[in-house]
There are 2 protein chains.
Amino acid sequence: MTSHARLRKERVGVVDYDTQIKEVRCQLVDQLKVLDLQLEQKTQQLQDMTDYLRRRGEIESEYSRSLEKLAERFTLRIKRKEPSTHSVSQVWLALLAQTRQESRDHSGLGESCSNILIQPIMYCLDYTQRLAKKSKDLCTQLQDGLLKVTTELQTAWRTYHQYHSEFVSAEGKLREAEKQEEKQKQSAKKLERLIEKRQLKVQEIQLKCGKARNDYLLNLSAANSSMNKYYLHDITNLIDCADLGYHLSLGRVIKAYLARRSWAQQNLNTGLQQLQEAVDDLDQSRDRDNLLQDHYNTFSMPVRFPYQPHEEDQISEVSAECEMRCEMETRFKQIQARLKTMTEETEEAGKSMSAAKSSLLAGIGDDDLESSTGLSQAGSTENLTMKPSVARRRANLLEVENLYLVVIKEYLVGGSLVSKLQAKHDLLKVAVEKGSTSSLRIRKNQSSANFFHNQKLFSGDMLSFIKASGQQIPYVVESCIRFINLYGEDPLSEQRYDLDSVAGVLKLYFRCLENPLFPIESTSQLLQCSRKRFYKRKHLTWLRMIS
Amino acid sequence: MTSHARLRKERVGVVDYDTQIKEVRCQLVDQLKVLDLQLEQKTQQLQDMTDYLRRRGEIESEYSRSLEKLAERFTLRIKRKEPSTHSVSQVWLALLAQTRQESRDHSGLGESCSNILIQPIMYCLDYTQRLAKKSKDLCTQLQDGLLKVTTELQTAWRTYHQYHSEFVSAEGKLREAEKQEEKQKQSAKKLERLIEKRQLKVQEIQLKCGKARNDYLLNLSAANSSMNKYYLHDITNLIDCADLGYHLSLGRVIKAYLARRSWAQQNLNTGLQQLQEAVDDLDQSRDRDNLLQDHYNTFSMPVRFPYQPHEEDQISEVSAECEMRCEMETRFKQIQARLKTMTEETEEAGKSMSAAKSSLLAGIGDDDLESSTGLSQAGSTENLTMKPSVARRRANLLEVENLYLVVIKEYLVGGSLVSKLQAKHDLLKVAVEKGSTSSLRIRKNQSSANFFHNQKLFSGDMLSFIKASGQQIPYVVESCIRFINLYGEDPLSEQRYDLDSVAGVLKLYFRCLENPLFPIESTSQLLQCSRKRFYKRKHLTWLRMIS
């Protein structure tokens, strides 16, 4: 039974090595499969990348061609005309130039994708497959070596056990012989020789057992060492060998692609920058001046109509002497009255015109362009709720436009009449004054300089009036203000003074001044100033302007 | 004749005004033409801009669709597989994500061009035409006013001259009557009355002449003033009125376009940045480790083969006792010798492998990607001269690749044998040493510790040797260097010492050290260092590393 048990034990041992080696074999086969899978994946990746780049190249080239055609179409139209300095044309040219640059950049990118970038990938595919094949071959070879070592281990182990069995059997035989000797007491010569022979046999087998154990131990160590070497070292090396250059090639291709893109990005930035500059340079007034300059002959003012008297005529002034005086004075007064009305109306029209122009421009600028470009967050529903508002705004805008056209017409036509009346008025004024000088001469000498100077209070020049009259502040201004100060502050006062009339006089005085209280040049500034939001700032600006 | 000359003079005057007014009329007609031309140009510009935006919108949408399809095609393939941590896959995903983002941005741009941006331009076209028409009407009206003033001037001028003629004729008649009176001496009552009548007539006409001159002067001034007003003021206003909002609208559209583009630019920058990061993250070693991790069962090392002795066997070591000693020692020596040869060969193969790998990688990296992306300056002729070089490089590279495969095979197969031999060698060494210990025990006790320590000089560990022997520098190193210092410097010396052999011993000593003089970890650094160009820098780095 012991020998039986031992045999089973041995069997188990054999079976154990066998199982383990079988498992190792399975692993090794799987490893080769993984290597194949790796190659397949890499091939797929490289193929995908090639496909991507090739198609991308086509897309870029197509896009580039479309942009080029687009730019070309309008460039041809422009070339037929002479170059224009009009700022809108400059914007247009910048837009076309930028489009052409974009076309060139995308063409370059397309070229790059279709040709330059694909080549390294194709080459990579090439050597990746070669390396993978060689790596697999090498892997197979190493695996064969490994399996050989395990076979040697199995063999050595079997030999070791076999010799042990032989030893056990030889020892048994020796014991048997020794037992026989003990039984027979007298050692027969023959038996003695048998024992000696069996002892020699046992020794011999024992030596063989020792050698077999040595062999087994050596092979066991070698097998374990080989396993270590293969799993810890060789597999890594094999995978590295198969992967060699793969990451490098792909990385370089993508880097080259990125460099291409970043180059195009820079060009695009520059182009958009130039377009931005052209837009910032848009200038309606300069364009209008250029237009007038370009059509100089059409818009230059003709020479003045000269005075062409007959030969004997020495007089070149309007005269209000003698018989004509009365008629001239009447005419002067009529013209003066009419001029005053017309001037006021025209000024009113001018103010309305400015206001209408401002709101028209504000209305034009009040579309949804800004909000629609910040976009992506503004959903389509929001757009729908905005649309009626756009329509309403358009309708309002049309009204403002019509108002603007009405008042500009009033302003310009009225202005023409005013300029005509003014010219006549000025001539008549001089004439009437000359005519009346002689009759006044005596009275003038008698009267005080304070009250009889030839400066008009109303419709005159305040500065000249002050100089001539010697009044620091014209009496009318002083007394009006004094009256308003006295009675104007108390709204609960029972007695109602006619403040409006007094204020009216003051207003009339200021309005009629030949040179307005605030010079015309600063009117627009003052108006701008009055539109400012913050009271303090407005105040400061006013003070600065007046002082 | 005087009257004739006068008439001619008058005619000339009339003709002059006529000519001048005719010229003004021509100018006025031209002005209207210029206004028409302006409208035409603006209409053309707006139409062009609309066409451009519409077509651009189509191009962008098409481009966007192509990119989307492209990204979609590969995204679907990826989705079918599980997500991968492979760094190349990450690059690929980043590239596709960036492509999709680009598609979205161009789609937005297309949408913007086709719809949002076109609307304000259409509206601008609308009101520009209205304003231009109204401006032209107003211009015509002002021109009519101007022409009326000139007609009045002509009329007044004619009247003035007519009355003067009448005056001259009346005065002539008076002179005639006075002459008759002088001749007849006695004034007949009849004649006297005639003179009186004629005097009255002269006075009457003189008054009329004065009035006519006044009228003429007034109209002249009015005409000149109207001309001034029209040319200096009205024309500017009319052009401004016609241009109102044109620059504003166009500027706003282009600004919105630019905002759109700059938004897309930012997205593109971010996308390319992410792609760049993915490329920088490419890591072959990490990918290999991930692969091993992913296929853990396939690549994990199996358990060691255990030692399975039979039950009675108490010995688990290789023994070189008694009869086996001689055989074991012989075997040990054989294995030792073979191990040494194989180790050296494998190390050589390892070095060659590293070198081949480096040149292979350098060769793969030595394509023209960098130069081809900096491009534009590299002409096609240059490309042609480069191409044979590429082919030659490819051929060289293939040779290097083959060499690499040969030496890596040598290295791995050799390494496997070395590991097997080493395992056997180590066991045998222990066994042989144990076997010989007993016989050496006496001699060991007699000998000095300096020379009989169990540290090997060759193929040993230098540090342990120094500790055990008490030698600061191993004698072999010291004496070799002394010899080389003594005889190595003078190339003219007649006596030729065998310096090579001595240096060979020194080299052999260093090469055989168990732990190399410079630790393995810093080898790659040292190699890198030796590649540096500048001697001084190399020197410094070496010093830093060694200390």
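Residues numbered from 1 in each chain as written. Chains lettered and ligands numbered in written order. Predicted model: local features only at pLDDT ≥ 70, side-chain atom pairs only at ≥ 80, totals over all residues. Heavy atoms only, no water.

S.K.: Quick question: what am I supposed to make of the overall build of chain A here?
M.R.: Regarding its fold elements, chain A presents 15 helices and zero strands. Expressed as a percentage of its 547 residues, the buried residues of chain A come to 41%. Considering only residue pairs separated by 6 or more positions, chain A has 80% of its internal contacts joining residues 24 or more positions apart. (Helix = DSSP H or I, 4+ residues; strand = E, 2+ residues; numbered from the N terminus. Buried < 20%, exposed > 50% of the residue type's maximum accessible area, 1.4 Å probe, protein only. Contact = heavy atoms within 4.5 Å.)

S.K.: Could you clarify how one ought to interpret the relation of the copies chain A and chain B in this entry?
M.R.: The two chain copies are connected by a rotation around an axis plus a translation along it. The two copies are related by a screw operation: chain A maps onto chain B through 180° of rotation and 0.1 Å of translation along the axis, at an RMSD of 1.2 Å. Viewed as a symmetry operation, the transformation between the two copies matches a two-fold axis. Minimal C-alpha separation from the rotation axis in chain A is found for A:Tyr63, amounting to 2.8 Å. The overlap is high: 100% of the interface residues of chain A also sit at the interface in chain B, so the same surface is used on both sides. (Least-squares fit on C-alpha atoms with pLDDT ≥ 70 in both.)

S.K.: Would you explain the packing of aromatic side chains in this entry?
M.R.: Any two aromatic rings considered together are summarised by their centre-to-centre distance and by the angle between their planes. Applying the stated criterion across every chain yields a total of 19 aromatic pairs over all chains. Pairing A:Tyr63 with B:Tyr63 gives two aromatic rings, centres 3.6 Å apart and planes at 10°, and the pair type is stacked. Linking A:Tyr63 in helix α1 (residues 2-80) with B:Tyr63 in helix α1 (residues 2-80), this pair reaches from one chain into another. Judged on exposure class, the residue A:Tyr63 and its partner B:Tyr63 are both buried. Note on A:Trp92 and B:Tyr52: the rings are 5.7 Å apart at their centroids and 80° apart in plane angle, and the pair reads as edge-to-face. Here A:Trp92 is found in helix α2 (residues 87-116), whereas its partner B:Tyr52 is found in helix α1 on a different chain. A relative accessible area of 0% means that B:Tyr52 is categorised as buried. Ring-pair connections join several aromatic residues into one group, and the members of that group are A:Tyr17, A:Trp157 and B:Phe305. Across the ring face of A:Tyr246, the terminal group of A:Lys42 is positioned such that the distance to the ring centre comes to 5.5 Å. Seen from the ring of B:Tyr123, A:Arg394 lies directly overhead, with NZ or CZ sitting 3.8 Å from the centre. (Phe/Tyr/Trp six-rings, centres within 6.5 Å; stacked < 30°, edge-to-face > 60°. Lys NZ or Arg CZ within 6 Å of the ring centre and 35° of its normal.)

S.K.: Any chance you could explain the side chain of A:Gln27 here in plain terms?
M.R.: Along the polypeptide, A:Gln27 turns up in helix α1. Under the relative-accessibility criterion, A:Gln27 is labelled buried at 11%. Of the polar contacts made by the side chain of A:Gln27, one reaches the backbone oxygen of B:Thr298; its length is 3.5 Å. Not counting the four nearest positions on each side in its chain, A:Gln27 is found in contact with A:Tyr231, B:Asn297, B:Thr298, B:Phe299, B:Ser300 and B:Pro302. (Polar contact = N/O pair within 3.5 Å; in protein donor to acceptor, adjacent residues only side chain to side chain.)

S.K.: What am I meant to see in empty space enclosed by the protein here?
M.R.: Over the atoms, a rolling probe the size of a water molecule traces out where space has been left empty. Per the counting criterion, the structure on display carries 10 cavities of 30 Å³ or more. Roughly 270 Å³ of internal volume is contained in the largest cavity. A breakdown of the residues in the lining of the largest cavity according to their chemical character gives six nonpolar, four polar and six charged. Taken together, A:Ile59, A:Glu62, A:Tyr63, A:Ser66, B:Ile59, B:Glu62, B:Tyr63 and B:Ser66 form the lining of the second largest cavity. Counting residues per element, the ones that place at least two in the lining of the second largest cavity are α1 of chain A together with α1 of chain B. Among the residues making up the lining of the second largest cavity, the classes are represented as four nonpolar, two polar and two charged. (1 Å grid on protein atoms, 1.4 Å probe; cavity = no way out; pocket = protein on both sides within 12 Å on 5 of 7 lines; lining within 4 Å. Points joined across faces, edges and corners; volume = space filled by probe spheres on them. Nonpolar A, V, L, I, M, F, W, Y, C, P; charged D, E, K, R; others polar.)

S.K.: Any chance you could explain the packing of helix α5 (residues 246-280) of chain A against helix α2 (residues 87-116) of chain B here in plain terms?
M.R.: The relative placement of two packed helices is expressed as an angle between their axes plus a distance between the axes. In contact at an axis separation of 10 Å, α5(A) and α2(B) are set at 20° when each is read in the N-to-C sense. The angle between the axes of α5(A) and α2(B) places the two elements in the roughly parallel class. Judged by the sense of rotation from one axis to the other, the crossing of α5(A) with α2(B) is left-handed. Between α5(A) and α2(B), the contacting residues are A:Tyr246, A:His247, A:Leu250, A:Ile254, A:Tyr257 and A:Arg261 on the first element and B:Ser87, B:Val88, B:Val91, B:Leu95, B:Gln98 and B:Glu102 on the second. Counted by class, the contact of α5(A) with α2(B) contains seven nonpolar, three polar and two charged residues. (Axes fitted to C-alpha atoms, helices over the stretch in contact; angles between N-to-C directions. Parallel < 35°, antiparallel > 145°, perpendicular 65-115°, else oblique. Left-handed = near helix turned anticlockwise from the far one by under 90°.)

S.K.: In this structure, what is going on with the interface of chain A and chain B? I would like to understand it.
M.R.: One frequently used descriptor of interface size is the decrease in accessible area upon assembly of the parts. Taken together, the contacts link 189 residues of chain A with 189 residues of chain B. Summing both sides of the interface, chain A and chain B together bury roughly 17600 Å²; the carbon and sulfur share of this comes to 64%. Viewed at the interface, chain B and chain A are joined by 12 salt bridges. Across the pair B:Arg130 and A:Glu401 runs a salt bridge whose closest N-O atoms are separated by 2.5 Å. Taken together, the connections running from chain A to chain B amount to 51 residue pairs in polar contact (both at pLDDT 80 or more). (Buried area = accessible area lost by both parts, 1.4 Å probe. Salt bridge = Lys/Arg side-chain N within 4 Å of Asp/Glu carboxyl O.)

S.K.: Mind showing me how you'd approach the packing of helix α4 (residues 189-243) of chain A against helix α8 (residues 324-365) of chain B here?
M.R.: At a closest axis distance of 11 Å, the pairing of α4(A) and α8(B) adopts a crossing angle of 25°. Comparing the axis directions of α4(A) and α8(B) gives the class roughly parallel. In this structure, α4(A) crosses over α8(B), and the sense of that crossing is right-handed. Here A:Leu207, A:Gly210, A:Lys211, A:Asn214, A:Asp215 and A:Leu218 of α4(A) lie close against α8(B), whose contacting residues are B:Met324, B:Glu327, B:Met328 and B:Arg331. For the contact of α4(A) with α8(B), the residue count by class is four nonpolar, two polar and four charged.

S.K.: In this structure, what is going on with a negative patch on the surface? I would like to understand it.
M.R.: All names here are of chain B. Together, Glu344, Glu345, Glu347 and Glu410 make up a region of like negative charge exposed at the surface. In terms of residue count, the dominant contributor to the negative patch is α8 (three residues). Within the secondary structure, glutamate 410 is located in helix α10 (residues 380-446). (Patch = residues over 30% accessible without salt bridge, like charges linked within 9 Å, V, L, I, M, F, W, Y side chains within 5 Å. Areas by Shrake-Rupley, 256 points an atom, 1.4 Å probe, with all protein chains shown as cover. Lys, Arg positive; Asp, Glu negative; His and termini not counted. Charge placed at Lys NZ, Arg CZ, Asp CG, Glu CD.)

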